Amino acid sequence: MAKRVAVIGSGVSGLTSIKCCLDEGLQPTCFERSDDIGGLWRFTEKVEEGRASIYRSVITNSSKEMSCFSDFPMPEHFPNFLHNTKFLEYLKLYAKNFDLLKYIQFKTTVISVRKCQDFSTTGQWIVVTESNGKQVSDTFDAVMVCIGHHRESYVPLQSFPGIEKFKGQYFHSRQYKTPEGFEGKTILVVGMGNSASDIAVELCQRAAQVYLSTRGGSWVISRVYDNGYPWDTVIHTRYSNLIRSFLPWTLLKWVTEKKMNEWFDHENYGLSLTSSLALMKEQVFNDDLPSRILCGSVVVKPVVKEFTETSAIFEDGTVMENVDVVIFATGYSFSFPFLEESVIKVENNQAPLYKHVFPPQLEKPSLAVIGLIQPLGPIMPTAELQARWATRVFKGKWMGKMFGTSRSQTLQTDHIEYLDELAEGSGAKPKIFSLLLTDPRLALLIFFGPCSPFQFRLTGPGRWDGARNAILTCKERIIKPTKTRVVHSSSNHSSISYLFMMFSQMHTCVPHARVSPYLTRGGCSSS
């Protein structure tokens, strides 16, 4: 009899977890508290309790070739960076293609997940759910927690003296939906992550004035990178990753600063990073912010020292008078309200999880957390590989020395190194040296080209016959939605020329962007 697996949540992580269960012959039951799939990517007019919330204009920060699931490429006519409605359309295509919806129980909230009395021998869990006011208890052989970490707003009001006296409106960016209603207002956005930048740029077209308060600045880069290619298809290559790993820290810092300041000098725009850990700071993807600063519609300010009834006083002594609205884009907290602390204890917004997936102290590895991570790249291939590995562990096909003293407590990981680590555990890591002998063209594209999700379907369990072609035709799918006016040229734009373009990008070998889950959405990291 197939093992039963409870999957909590039907966003990106939940959907791929359902599919990975099916691939391994497991029997999944997914519990979704809302009435549809999509999680973070399903926009709603109002904020819903217990769900992630996005504003109407959110688009992905990672391109379609790097953000898709490894055995389901996005349609070639899709734009390289997707509006949230388009990304939700992709998720629905994925669910339909693999017939996932029949495994989901909508409008069902998970109340508690606790160990069975004989957990030490069976590894089973009792899951209590509620739907239409009725609670149901059921037993499962394993649990996959796929709830993300954008559900609980983090607003450190204690860090802003006087905010209790402020007579204007203030709220977390999670509450922001559209620019309507902010016409003619003076607005202060606190934070320097992707959400803060997006909201500031959007509001400055309606507001009288927008101010952007940042503690330490940030690197701001365009989604359009060298030679017009999406940024992540140039930066996220195995070749670039190898170069970065060998460069001395001082040289790497110099290369990074030089590359980041090619578009505009961050110091002149008040955005230069003051911390010695400049290489570790998340990058902001915004194609319009420098222009808005240049035009004066967005003004960058230092951290707020205190608020009065109508103004904000900054640490440099300057005062912003007649403030109407303050938006705190100060990040998120996460928790597992249905789990006991003995299973996962969250402290200082960190959770001790082996390889960011398994609670290390469990007697049986039958509970996995999927997608609770900030990879330095797109979340989709990361969550998928986590789920592929976890389901093989549930099936008993991979154990190894899983649990020990090594614990990953931070959510941030290096993108390619972490993908390879997970792929090695599930037998899906590409064998580049072997391919050099049997398929040199493919091997070179794997090493010098984008580290796309398809690389992890070339071999091992879950091998997909279309993976090789998907890698070889990557450039064509990138160009398809932009080359809507055909210009005849004598130059040869074959995949080989694309390969040499990638090879020539040694000067672009900068640290990966520390983005949120996206999180490929506008992140909300505190700055």
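Heads up: these notes are all about the structure in this document. Only a predicted model underlies this, so the values are computations on that prediction, with no experimental measurement involved. Every residue gets a number counted from 1 within its own chain, in the order that chain's sequence is written. At least 70 in pLDDT is required for a residue's local features to be given in this predicted model, at least 80 for side-chain atom pairs to be given and counted, and no such filter applies to totals for whole chains, interfaces and linings, which use all residues. Each side-chain value is derived from all of the structure's non-hydrogen atoms; neither hydrogens nor water enter the calculation.

### Thoughts on the side chain of asparagine 84
Then comes step 1: A run of H or I in DSSP counts as a helix once it spans at least four residues, and a run of E counts as a strand once it spans at least two, with each numbered from the N terminus. Summarising the element assignment, asparagine 84 is placed in helix α3 (residues 84–97).
Then comes step 2: Definition of a polar contact: a pair of N or O atoms within 3.5 Å, with one able to donate and the other able to accept a hydrogen when the atoms are protein atoms, and with sequence-neighbouring residues admitted only if both atoms are side-chain atoms. A polar side-chain atom of asparagine 84 sits 2.9 Å from the main-chain carbonyl oxygen of arginine 56.
Then comes step 3: Any two residues having at least one pair of non-hydrogen atoms within 4.5 Å are treated as being in contact. Ignoring sequence-local partners within four residues, the contact set of asparagine 84 consists of Trp41, Phe43, Ile54, Tyr55, Arg56, Ser57, Val58 and Ile59.

### A few points about the sheet that holds strand β15 (residues 304–307)
Then comes step 1: Strand pairing is defined by DSSP finding a minimum of two bridges between the two strands. If you trace the three strands from one edge of the open sheet to the other, you get β15-β16-β17, paired in antiparallel fashion. In this open sheet, the two edge strands, each paired with only one partner strand, are β15 and β17 (319–320).
Then comes step 2: Where strand β16 (residues 312–314) and β17 come together, two bridges link them in antiparallel fashion. Residue isoleucine 313 lies in a different strand from β17, and its bridge partner there is valine 319.

### A closer look at the packing of helix α10 (residues 379–395) against helix α11 (residues 415–426)
For any two helices packed against each other, one specifies the crossing angle of their axes together with the interaxial distance.
Then comes step 1: Interaxial distance between α10 and α11 falls to 9 Å at its minimum, and their mutual angle equals 25 degrees. Overall, the two elements α10 and α11 adopt an arrangement that is roughly parallel. In the packing of α10 onto α11, the handedness of the crossing is left-handed. Mapping the contact onto sequence places Pro381, Thr382, Leu385, Gln386, Arg388, Trp389 and Arg392 in α10 and His415, Tyr418, Leu419, Leu422, Ala423, Gly425 and Ser426 in α11. Axis angles are defined between N-to-C directions and span 0 to 180 degrees, where every axis is a line fitted to C-alpha atoms and, for a helix, only to the segment in contact. Every angle not falling under 35 degrees, over 145, or within 65 to 115 is termed oblique; those three ranges are roughly parallel, roughly antiparallel and roughly perpendicular. Handedness of a crossing is defined here by the sense of rotation of the near helix relative to the far one, left-handed for an anticlockwise turn of less than a right angle and right-handed for a clockwise turn.

### Examining the pairing of strand β7 (residues 142–145)
Then comes step 1: Alternating residues of β7 divide into Ala142 and Met144 and Val143 and Val145, and every residue in both groups is buried.
Then comes step 2: Relative to β7, strand β1 (residues 4–8) runs parallel, the two being bridged by four bridges. Across the sheet, residue alanine 6 finds its bridge partner in β7, namely valine 143.
Then comes step 3: The sheet contact formed by β7 and strand β20 (residues 367–369) spans three bridges and is parallel. Burial classification: accessible surface area is computed with a 1.4 Å probe over protein chains only, and a residue below 20% of its type maximum counts as buried, one above 50% as exposed, and the rest as partly exposed.

### What to know about the packing of helix α1 (residues 12–23) against α3
Then comes step 1: Across the interface, α1 lies against α3 with an axial gap of 11 Å and an inter-helix angle of 15 degrees. Comparing the axis directions of α1 and α3 gives the class roughly parallel. Along this stretch, α1 crosses α3, giving a crossing that reads as left-handed. Every residue of α3 that contacts α1 at Val12, Leu15, Thr16 and Lys19 is listed here: Phe87, Leu91, Tyr94 and Ala95.
Then comes step 2: Three categories are distinguished: nonpolar for Ala, Val, Leu, Ile, Met, Phe, Trp, Tyr, Cys and Pro, charged for Asp, Glu, Lys and Arg, and polar for the others, with Gly belonging to the last. For the contact of α1 with α3, a count of residues per class yields six nonpolar, one polar and one charged.

### Comments concerning the packing of aromatic side chains
Then comes step 1: Ring pairs are drawn from Phe, Tyr and Trp, using the six-membered ring of Trp, whenever the two centres fall within 6.5 Å, and their geometry is named by plane angle: stacked under 30 degrees, edge-to-face over 60, tilted for the rest. Here the structure, examined in full by the defined rule, presents 28 aromatic pairs.
Then comes step 2: Between phenylalanine 160 and phenylalanine 307, the ring centres sit 6.2 Å apart and the planes meet at 50 degrees, which makes this aromatic pair tilted. Of this pair, phenylalanine 160 sits in the loop between β8 (152–153) and β9 (169–172) while phenylalanine 307 sits in strand β15, and the two are 147 residues apart along the sequence. Both residues of the pair, phenylalanine 160 and phenylalanine 307, belong to the buried class.
Then comes step 3: Ring plane angle 50 degrees and centroid distance 5.2 Å describe the contact between tyrosine 239 and phenylalanine 448, whose orientation is recorded as tilted. With a gap of 209 residues between them, tyrosine 239 in helix α7 (residues 238–246) and phenylalanine 448 in helix α13 (residues 440–448) connect regions that are remote in the sequence. Comparing tyrosine 239 with phenylalanine 448, the two get one shared label, buried.
Then comes step 4: Each member of the aromatic cluster is reached from another via a ring pair, and the members are Trp41, Phe69, Phe72, Phe87, Tyr90, Tyr94 and Phe98.
Then comes step 5: Charges are assigned to positions over rings by a cutoff of 6 Å between ring centre and Lys NZ or Arg CZ, combined with an angular limit of 35 degrees from the ring normal. Lying across the ring of phenylalanine 140, arginine 4 places its NZ or CZ 4.4 Å from the centre.
Then comes step 6: When the ring centre of phenylalanine 81 is taken as reference, the NZ or CZ atom of arginine 223 above it lies at 5.9 Å.

### Thoughts on unusual backbone geometry
Then comes step 1: One non-glycine residue, asparagine 322, adopts positive backbone phi at about 55 degrees.
Then comes step 2: Inspection of the secondary structure assignment puts asparagine 322 in the loop between β17 and β18 (325–328).
Then comes step 3: Phi at lysine 355 is positive, roughly 55 degrees, even though this residue is not glycine.
Then comes step 4: Inspection of the secondary structure assignment puts lysine 355 in the loop between β19 (332–333) and β20.

### As for the pattern of salt bridges
Then comes step 1: By convention in these notes, a salt bridge is any Lys or Arg side-chain nitrogen within 4 Å of a carboxyl oxygen on Asp or Glu. Within the structure shown, the criterion is met by 28 salt bridges.
Then comes step 2: A salt bridge links arginine 4 to aspartate 138; the shortest N-O distance between them is 3.0 Å. With a gap of 134 residues between them, arginine 4 in strand β1 and aspartate 138 in strand β6 (residues 134–140) connect regions that are remote in the sequence.
Then comes step 3: Residue aspartate 138 is classed as partly exposed on the basis of its relative accessible area, which comes to 31%.
Then comes step 4: Of the charged contacts in the structure, one is a salt bridge between lysine 480 and glutamate 76, with a shortest N-O distance of 4.0 Å. A residue pair is termed long-range when its members are at least 10 positions apart, and lysine 480 in the loop between α15 (474–479) and α16 (495–503) and glutamate 76 in the loop between α2 (64–67) and α3 qualify at 404 residues.
Then comes step 5: In this structure glutamate 76 comes out as partly exposed when scored by relative accessible area, which is 41%.
Then comes step 6: Members of the salt-bridge network, linked through shared partners, are Lys19, Asp23, Asp71, Glu384 and Arg457.

### A closer look at the sheet that holds β6
Hydrogen bonds between backbone atoms are what pair the strands of a sheet, whose relative direction is either parallel or antiparallel.
Then comes step 1: Taking strand neighbours across the sheet as the criterion, the three strands line up as β4-β5-β6 in an open arrangement whose pairing is antiparallel. In this open sheet, the two strands that pair with only one neighbour each are β4 (109–115) and β6. Within the sheet, the average angular offset between the axes of one strand and its neighbour, ignoring direction, is 20 degrees.
Then comes step 2: Alignment of strand β5 (residues 125–131) against β6, held across seven bridges, turns out to be antiparallel. Directly across from glutamate 130, in β6, lies its bridge partner glutamine 135.

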